[in-house]
Structure formats: C-alpha cells, structure tokens
Protein chains: 2
Amino acid sequence: MHMRILDTAESLLRRHGLDKLNVVDVARAMNMSHGNVYRHFSSKAALRAAVIHRWLHRVSSQTNAIAIQDQPADERLVEWLKTLAVIKQRKVVEDAELLSAAAKIVQETPEVLDNHAMQLTTQLEYILAAGLADKTLPGVKDPQATVLAILNATTRYHHPDMVVHGGPPAVQMEGLNGVISLIMRGLKG
Amino acid sequence: MHMRILDTAESLLRRHGLDKLNVVDVARAMNMSHGNVYRHFSSKAALRAAVIHRWLHRVSSQTNAIAIQDQPADERLVEWLKTLAVIKQRKVVEDAELLSAAAKIVQETPEVLDNHAMQLTTQLEYILAAGLADKTLPGVKDPQATVLAILNATTRYHHPDMVVHGGPPAVQMEGLNGVISLIMRGLKG
C-alpha cells in the first residue's frame, strides 16, 4: 500500500506539479479515504518528502550497482562518475517536473538530500577502498577527503543547476572526461 | 571621456539597476548632450556591454598579476585558483547588482563573456607553460586540455550560481583546497 500511494503521488506530481500534490487528491485518485493515506504518511510534507526520497533512491541504486561491480576499482570510479552525469542529464531533460519539485522539497526537508548525499559518498568511499585493495588507485591517501574532493571537482556535471545550462550532453561528457583524466592521474599514484 | 562615461554608467547601474541604465540618463548625470555620449557608445547595448566588459576586465587583471608573478609555477597556479574564488565570493556578497547585470548582458552580448573566458584561459596556459619550463608542473601533458579541465573541476568555486549557494567563504575555500590537492598531484607528475 505504501508503495502504491507513492506511485500515485509521484504520478500526480508529474502531471500537476508540486503545489497541487496533497493527501486528499492522492486518496481520491486511489478511491481511498484520506484517513487511510494519513495512516501511511502523517502529513502532506511527509508524503512529498517520501516521493522525492524514493526518486533519489532510484538514482543512488543505479550508481550503487556500479560501485559493487566486479571489475577494477579505477574503472568502476570512472563509470560511476559518468553514470551519475548521464542520469542527471536525463533528469534535466525528461524529468524536469520532479527535479524542480526535488529542489523545493530538499529546502523544506534537508534530511532527504543529506541522506542522498550520504548514499553517494558511501559508494565512492567503497570504490576508493577497493582501489587501495586491488592497487588500481594507490594514490588515494585520505579516502573521506578524496571522496569529497571528487564530488566537488565534478559538481559541474552532477549539480542540476549546472547540468541544465551545461550545453548538449556530448559536450558535457567531453568536459567530464577531461576532469576525470585530470583527477585520475593523482589517484593512480 | 570614454572612461568617465563608463564610471558614470557603472555607478548609475549600481544605484538603479540595469533596466534603468540608458544613454539619456548617463548624459544627464554628466551634464552632457546624449549625442556626445552616443559618439562614444553607438547604442544602449554597446554602453551596457562596455560597462560589464570593464568590470570583468578588473577581475582578469587581478588574476593576471598572479599569472605573471616571479615564483614557482605550481604556487602561482594554486594562488591563481584561490584568488579567482575569493574575487567571486566577494562579488556575490558586495557587488550583487553588477553580477546580476553581467549575467543578463552576457546573454545579449556573448562576446563579452567569451573574451573574459579567453583572458582567464590564456593566463592559465601561461602558468602551465611556466610549470613545464621550471619543472614544477611536469605532469602537464596537453596544456590546452588541462586548462579547460582545471576550470571545469573548479566550477563550483568560480561560477556565480554555485558560489552564491555555496555556503560561508571559509567552507568554500576548504572545499577548493581539497579539489586543488586532488588535481595538483597529477600535474606535479
């Protein structure tokens, strides 16, 4: 039921925008009483946050699949960074309504973004640790600081406000490739 | 006279915003006929572009002073990147009116921004060439590509849209320091 409510809320959000998303309309669309929806989500804010949380979780699930792949860690790192960029480019084009909703929700409920950032950070830390173990990233000295620096150095390719004005995907990927070669040399030691 | 007109226009822009900036008001503030101003700037758009061009030129003059300093090139590179970040942080706080005018003007007259970007690019290329000569940046393989990658990797610390939401200056400088150490290891070879 929880998931069906979120599906309905997400689809209403896509069609009518964030301002129109509320418990009563979700309940109506599901032919339920709104008391029933409130049993799953205690407020409109909780419902909205849950929709965006799940939407972001889909992103981090895709990147996580790369983090835990069975291949040299340096290759995983490159693929992880490119995949995150591609996902963001697609969202900007194909999922603008959810993206703009997410930008507002994370202002109201910063935990949603903190949680997402932590997922991504944990995945990168996992890759860097793997790179020390398999010796493909021997230049990593301080994994936590390095993860932060990698995310900051690639902001232009994953921050929605940058991606949306960053030009055609092919140009952005070329730019990202340049940044990746710039940072990989140090990480490969 | 050219410079006095620009001084007046810039100060009117600071006080009243871009929408109110026009040749007639500039002429009035200088007790001149507007024909006289038109002899220096052929249109309102040309006047506006010239104000922003000069404002951006002040930024690139400051960074250029670092590019041509007599010190090891690797140190110049670090100082150049930090100085650009500090300048942008100050503009966001202290010069918001000009910054927002600049964002509009470069849409209308992209040459103004292209010219600025070329100035910065040339300075960085100069530093990297110096770093190959003085052997402090022996890891630089393709200077042009490396310059672009360095600017892209530090976008978070010099792009106005990022700097304005990037948190306190001290936090931004800490982040930039992390990115700088990440990229310097490869450049130092």
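Nothing here was measured: the structure is a model prediction, and the numbers come from that model.

Novice: Got a minute to help me understand the side chain of Arg48 of chain B in this structure?
Specialist: For Arg48 of chain B, the location among the structural elements is in helix H4 (residues 44-67). Beyond its immediate stretch of four places on either side in the chain, Arg48 of chain B contacts Leu18, Asp19, Leu21, Ile105 and Glu108 of chain B.

Novice: Before we go on, may I ask you to explain the interface of chain B and chain A in this structure?
Specialist: The figure often quoted for interface size is the accessible area lost as the parts come together. Listed as interface residues are 22 residues of chain B and, on the opposing side, 22 residues of chain A. Between chain B and chain A, a total of about 1,700 Å² is buried, with carbon and sulfur atoms accounting for 65% of that surface. For the interface between chain B and chain A, the tally reads 0 salt bridges. Inspection of the chain B/chain A interface yields 8 residue pairs in polar contact (both at pLDDT 80 or more). Elements represented by at least two residues in the side of chain B that touches chain A include exactly helix H8 (143-153), helix H9 (155-158), helix H10 (160-163) and helix H11 (169-187) of chain B. Sorting elements by how many residues they give to the side of chain B that touches chain A places H11 of chain B first, with 8 residues.

Novice: Would you mind going over the relation of the copies chain B and chain A with me for this structure?
Specialist: Note on the copies: chain B fits chain A at an RMSD of 0.0 Å, the axial shift is 0.0 Å, and the rotation between them is 180°. When the rotation and shift are considered jointly, the pair of chain copies conforms to a two-fold rotation axis. Comparing contact sets, 100% of the residues at the interface of chain B also lie at the interface in chain A, consistent with an isologous, same-surface contact.

Novice: Would you take a moment to explain the UniProt feature "domain: HTH tetR-type" (unreviewed entry) in chain A for this structure?
Specialist: Those residues carrying the UniProt feature "domain: HTH tetR-type" (unreviewed entry) are residues 1-59 of chain A in this numbering. Secondary structure content for residues 1-59 of chain A is 76% helix and 0% strand, while the C-alpha to C-alpha distance between its ends is 23 Å.

Novice: Please clarify how the UniProt feature "DNA-binding region" (unreviewed entry) in chain A should be interpreted in this entry.
Specialist: Summarizing the sequence annotation, UniProt attributes the feature "DNA-binding region" (unreviewed entry) to residues 22-41 of chain A in the numbering used throughout. End-to-end, the C-alpha atoms of residues 22-41 of chain A are 11 Å apart, and along that stretch the chain is 70% helix and 0% strand.

Novice: Would you explain the pattern of salt bridges in this entry?
Specialist: Note on pairing: side chains with opposite charge can pair once their charged atoms come close. If you walk through the whole model with that rule in mind, you get 18 salt bridges over all chains. The salt bridge partner of Arg14 of chain A is Glu10 of chain A, with a shortest N-O separation of 2.7 Å. Within this pair, Arg14 of chain A and its partner Glu10 of chain A are both found in helix H1 (residues 2-16), separated by 4 residues, close to a single helical turn. A relative accessible area of 6% means that Glu10 of chain A is categorised as buried. Note that Arg14 of chain B and Asp95 of chain B form a salt bridge whose closest N and O atoms lie 3.1 Å from each other. Of this pair, Arg14 of chain B sits in helix H1 (residues 2-16) while Asp95 of chain B sits in the loop between helix H5 (73-94) and helix H6 (96-108), and the two are 81 residues apart along the sequence. On the basis of relative accessible area, Asp95 of chain B is assigned to the buried category, the value being 9%.

Novice: Looking at this model, I keep getting lost on the environment of Gly175 of chain B. Mind explaining?
Specialist: Within the secondary structure layout, Gly175 of chain B lies in helix H11. Gly175 of chain B sits 19 residues away from Arg156 of chain B along the chain, and the two C-alpha atoms are 9.2 Å apart. Setting aside residues no more than four positions away along its own chain, Gly175 of chain B makes contact with Asn152 of chain A together with Tyr157 of chain B.

Criteria and thresholds
- Residues numbered from 1 in each chain as written.
- Chains lettered and ligands numbered in written order.
- Predicted model: local features only at pLDDT ≥ 70, side-chain atom pairs only at ≥ 80, totals over all residues.
- Heavy atoms only, no water.
- Helix = DSSP H or I, 4+ residues; strand = E, 2+ residues; numbered from the N terminus.
- Contact = heavy atoms within 4.5 Å.
- Buried area = accessible area lost by both parts, 1.4 Å probe.
- Salt bridge = Lys/Arg side-chain N within 4 Å of Asp/Glu carboxyl O.
- Polar contact = N/O pair within 3.5 Å; in protein donor to acceptor, adjacent residues only side chain to side chain.
- Least-squares fit on C-alpha atoms with pLDDT ≥ 70 in both.
- UniProt positions renumbered as here; feature names shortened; annotations may be inferred.
- Buried < 20%, exposed > 50% of the residue type's maximum accessible area, 1.4 Å probe, protein only.

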